[in-house]
Amino acid sequence: MWLGAHLSISGGLPEAAQTASELGANTFAYFTRNPRGGSARQIPAEEAAAWQTARATYGIGPTVGHMPYTVNLAGNKTSVQTFARMVVAEDFRRVESFGGEYMCLHPGSHLGDGAEAGIERVVDVLKDALPRSSATTMLLLETMAGSGSEIGGSFPELAEIIDRTGAPPTLGVCLDSCHLFSQGYDFTTAAGIDRLFADVDRTVGRDRVRAMHLNDSKFPLGSHKDRHEKLGQGSLGKAGVLNILRHPWLSTLPLVLETPVDDIKEYGTEIALAKSWLAESGGLA
Ligand SMILES: [Zn+2]
């Protein structure tokens, strides 16, 4: 099982691998550039080489970058679209340069212009900026909570973006357990998870689903609100989290915590807790 948390790579990728290991993690997420500004740290070749050694040393599996929140592919200003094109192209190449497997993207916000207009703008940016092939790297559209004018709050919307972009092999999907619970998928019941897979299979398809953000939710089922909670302390609770950890297919994905912590050591506590729940439950379902 690949289980980890969102860490910083500002001190270097090898250091992040070591930190992950110290937290009991064997994968991690990181921002592909400053999440609120936009400036990017270049990864020197020596760091990329040291990263390959470190990930082997610490047994780090597929990693899951996250693009900044300041990029909005569905924005309606030319400057916003230009910035989005630049960030998608540059970040993809940078992540690819060190062999990063995945990078997640919030598809964007249509800012009141409607989903159709927003999806068209997202597709325009992806067609221009997303490489059509890569030996290592995929851009993953994140399943959003569907609040406000967010694009990507349902599987049909994500499938439409993928199809209209021409379904390149470099484009996939990242699940988020908090957001999906907010969409109405009840992880606390077998029926809820069955419905999730039925919807995945008839829209984006399982092959494109490559990672999951493992978060509990502060709000109840179907709230369409995006407020993460620590594992077991929200509406998914221990039962919902365990249904993911024990699921024969979901448990094969890199599972990355983005839960609210003041100190990353708290991720270590949560990861240990998740592992203990899994052990006492008897492992995979
Ligand atoms: Zn996200």
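All values reported here derive from a predicted model rather than from experimental measurement.

Here we look at the pairing of strand β9 (residues 209-213)
Turning to step 1, where the next piece is worked out: Among the 5 residues that make up β9, 4 are buried, leaving the element largely enclosed by the rest of the structure.
Turning to step 2, where the next piece is worked out: Here strand β8 (residues 171-176) pairs with β9 via 4 bridges, running parallel. Paired with V173 across the bridge in β9 is V209.
Turning to step 3, where the next piece is worked out: The pairing of β9 with strand β12 (residues 255-257) spans 2 bridges and is parallel. Paired with H213 across the two strands is V256, which belongs to β12.

Details of the coordination of the zinc ion
Tetrahedral coordination by four donors sets the ideal angle at the metal to 109.5 degrees; octahedral coordination by six donors sets it to 90 or 180 degrees.
Turning to step 1, where the next piece is worked out: Only H66 (NE2), H106 (NE2), E142 (OE) and E142 (OE) from the protein coordinate the zinc ion, and they sit 2.1 to 2.7 Å from it.
Turning to step 2, where the next piece is worked out: Metal-centred angles of 52 to 144 degrees between the 4 donor atoms at the zinc ion mark the site as irregular.
Turning to step 3, where the next piece is worked out: Sequence spacing of the donors to the zinc ion: H-x39-H-x35-E. On the criterion of sequence distance, the pair formed by H66 in strand β3 (residues 64-66) and E142 in strand β6 (residues 138-142) is long-range, its members being 76 residues apart. For the residue pair H66 and E142, the accessibility class agrees, reading buried in each case.

Considering the side chain of T27
Turning to step 1, where the next piece is worked out: Looking at where T27 falls in the secondary structure, it is placed in strand β2 (residues 27-31).
Turning to step 2, where the next piece is worked out: Judged by its relative accessible area of 0%, T27 falls in the buried class.
Turning to step 3, where the next piece is worked out: A polar contact of 2.5 Å, which involves the side chain of T27, links it to the backbone oxygen of P62.
Turning to step 4, where the next piece is worked out: Setting aside its immediate chain neighbours within four residues, T27 contacts W2, L3, G4, A5, A20, I60, P62, T63, P254, L255 and V256.

Some remarks on the pattern of salt bridges
Turning to step 1, where the next piece is worked out: All told, the structure shown has 16 salt bridges when counted by the stated rule.
Turning to step 2, where the next piece is worked out: Of the charged contacts, one joins R55 and E101 as a salt bridge, the two residues approaching to 3.1 Å between their closest N and O atoms. Remark: E101 occurs in the loop between α3 (78-97) and β4 (102-105) and R55 occurs in helix α2 (residues 45-58); sequence separation between them is 46 residues.
Turning to step 3, where the next piece is worked out: Judged by its relative accessible area of 9%, R55 falls in the buried class.
Turning to step 4, where the next piece is worked out: With its nearest N and O atoms 3.8 Å apart, the salt bridge here joins R195 to D199. Here the residue R195 and the residue D199 both occupy positions in helix α7 (residues 190-201), the gap between them amounting to 4 residues, near one helical turn.
Turning to step 5, where the next piece is worked out: Judged by relative accessible area, D199 falls into the buried class, the value being 12%.

Digging into the packing of helix α4 (residues 115-129) against helix α5 (residues 155-164)
Turning to step 1, where the next piece is worked out: Axis separation between α4 and α5 bottoms out at 9 Å; the angle between their running directions is 40 degrees. By the angle between their directions, the pair α4 and α5 is classed as oblique. Between α4 and α5 lies a crossing of right-handed hand. Along the contact surface, α4 presents A115, E116, I119, E120, V122, V123, L126 and K127, while α5 presents E157, E160, I161 and R164.

Points about helix α1 (residues 13-22)
Turning to step 1, where the next piece is worked out: Among the residues of α1, those classed as buried are L13, P14, A16, A17 and A20. An end-on view of α1 places all buried positions within 160 degrees of arc, on one side of the element.
Turning to step 2, where the next piece is worked out: The inward-facing, buried residues of α1 contact β2 and α2.
Turning to step 3, where the next piece is worked out: Positive backbone phi, approximately 85 degrees, marks G24, located one or two places after α1.

Structural notes on the nonpolar core
Turning to step 1, where the next piece is worked out: Among the nonpolar cores identified, the biggest contains 74 residues, and F28, L73, L139, L175, F187 and V204 are the most heavily contacted of them.
Turning to step 2, where the next piece is worked out: Sorting elements by how many residues they give to this core places α4 first, with 6 residues.
Turning to step 3, where the next piece is worked out: Among all residues touching L73, those that are not within four sequence positions of it are Q81, A84, V88, L105, P107, R121, V122, V125 and L126.
Turning to step 4, where the next piece is worked out: Judged by nonpolar contacts, the second largest core, of 9 residues, contains A29, Y102, C104 and V256.

Brief notes about the pairing of strand β1 (residues 3-6)
Turning to step 1, where the next piece is worked out: Bridge count between β1 and β12: 3 bridges; the pairing is parallel. Residue pairing in the sheet places A5 in a bridge with L257 of β12.
Turning to step 2, where the next piece is worked out: With 3 bridges joining them, β1 and β2 adopt parallel strand pairing. Bridge pairing links G4 to T27 in β2.

With respect to the packing of aromatic side chains
Turning to step 1, where the next piece is worked out: Applying the stated rule across the entire model yields 6 aromatic pairs.
Turning to step 2, where the next piece is worked out: A centroid spacing of 5.8 Å and a plane angle of 80 degrees characterise the contact between F28 and W51, whose relative ring orientation is edge-to-face. Of this pair, F28 sits in strand β2 while W51 sits in helix α2, placing them 23 residues apart in sequence. Accessibility assignment for this pair places F28 and W51 in one class, buried.
Turning to step 3, where the next piece is worked out: Ring-pair connections join several aromatic residues into one group, and the members of that group are F28, Y30, W51 and F98.
Turning to step 4, where the next piece is worked out: Over the ring of W249 we find R206, and its NZ or CZ is 5.7 Å from the ring centre.

Rules used throughout
- Residues numbered from 1 in each chain as written.
- Predicted model: local features only at pLDDT ≥ 70, side-chain atom pairs only at ≥ 80, totals over all residues.
- Heavy atoms only, no water.
- Buried < 20%, exposed > 50% of the residue type's maximum accessible area, 1.4 Å probe, protein only.
- Helix = DSSP H or I, 4+ residues; strand = E, 2+ residues; numbered from the N terminus.
- Pairing = 2+ DSSP bridges.
- Donors = N, O, S within 2.8 Å, 3.2 Å for Na, K, Ca; no water.
- Tetrahedral: all angles 85-135°; square planar, octahedral: opposite > 155°, others 65-115°.
- Polar contact = N/O pair within 3.5 Å; in protein donor to acceptor, adjacent residues only side chain to side chain.
- Contact = heavy atoms within 4.5 Å.
- Salt bridge = Lys/Arg side-chain N within 4 Å of Asp/Glu carboxyl O.
- Axes fitted to C-alpha atoms, helices over the stretch in contact; angles between N-to-C directions.
- Parallel < 35°, antiparallel > 145°, perpendicular 65-115°, else oblique.
- Left-handed = near helix turned anticlockwise from the far one by under 90°.
- Arc of directions from axis to C-beta.
- Core = buried A, V, L, I, M, F, W, Y, C linked by side-chain atoms within 4.5 Å.
- Phe/Tyr/Trp six-rings, centres within 6.5 Å; stacked < 30°, edge-to-face > 60°.
- Lys NZ or Arg CZ within 6 Å of the ring centre and 35° of its normal.

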